[in-house]
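Listed below, chain by chain, are the residues.
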Amino acid sequence: MPSAVDTETLAVHAAAGDQQALDTLLQAIRPEVLRRCGRFLPCREDAEEAAQDVLLQVARKITTFQQRSLFSTWLHTVVANCARQKYRDLKRRAAEQPTAIEADRYVDPRTTSVIAGSRLDLLEALERLDREHPDLVAPLVYRDICQLDYADIAERIGIPLGTLKSRLHQARKEVRPWLSDVS
């Protein structure tokens, strides 16, 4: 697998239209993309579907990568968006075609989706936060799920480091009660 520097170089070449660089880049990032999608969607099949969506988006949108940040940071955005969209799709499908849960199998509905195989409490909290405080979603997703460092996040979303830390603190404060509610 190419090093991070090689991946960044491949991304620059792919963004400039080099098809061979794009093919190599997609092969190189696939394991990492799958791992990152798994942070959002613990069910392996769901994470694999989201990872395929990410790779497709990278292939389609690589020319929009303008090197204002590292490719790895740009990729985090694509992963977060695709994984959250996959969850929304799974949730919509589950509502359209409900499946009965076997009576002898206990499932905590706050933390597990039989349909989506996802952390419902976390994903629902992100959806609610997006509705109520959309400016707080990116700091929380990038730091607590994607595990980017503060400087990369601040650069990526274009805010000062102090503002980022403040928004992250506020986001955690907002979602904490939602994650512990049983209702």
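**Side note on the environment of arginine 44**
Inspection of the secondary structure assignment puts arginine 44 in helix H3 (residues 44-61). Judged by its relative accessible area of 52%, arginine 44 is exposed.

**Some points on the pattern of salt bridges**
Applying the stated criterion across every chain yields a total of 12 salt bridges. We note a salt bridge from aspartate 53 to lysine 86, for which the minimum N-O separation is 3.8 Å. In this pair, aspartate 53 sits in helix H3 while lysine 86 sits in helix H4 (residues 71-96), placing the two residues 33 residues apart along the sequence. Overlapping salt bridges, with partners in common, bring together Arg84, Arg88, Glu127 and Asp130 in one network.

**Thoughts on the side chain of arginine 84**
Structurally, the position occupied by arginine 84 is in helix H4. Residue arginine 84 is classed as buried on the basis of its relative accessible area, which comes to 9%. Look past the residues within four positions of arginine 84 in its chain and what remains in contact with it is Phe40, Leu126, Glu127, Asp130 and Val137.

**Some words on the packing of aromatic side chains**
For the structure on display, the rule yields 3 aromatic pairs. Relative to phenylalanine 71, the ring of phenylalanine 65 has its centre 5.6 Å away and its plane inclined at 80 degrees; by these criteria the two rings are edge-to-face. Of the two residues examined, phenylalanine 65 and phenylalanine 71, each falls in the buried class. Clustering of aromatic rings is evident, with ring pairs tying together Phe65, Phe71 and Trp74. Between arginine 143 and the ring centre of tyrosine 150, over which it is positioned, the NZ or CZ distance is 4.4 Å.

Scoring rules and cut-offs
Residues numbered from 1 in each chain as written. Predicted model: local features only at pLDDT ≥ 70, side-chain atom pairs only at ≥ 80, totals over all residues. Heavy atoms only, no water. Helix = DSSP H or I, 4+ residues; strand = E, 2+ residues; numbered from the N terminus. Buried < 20%, exposed > 50% of the residue type's maximum accessible area, 1.4 Å probe, protein only. Salt bridge = Lys/Arg side-chain N within 4 Å of Asp/Glu carboxyl O. Contact = heavy atoms within 4.5 Å. Phe/Tyr/Trp six-rings, centres within 6.5 Å; stacked < 30°, edge-to-face > 60°. Lys NZ or Arg CZ within 6 Å of the ring centre and 35° of its normal.

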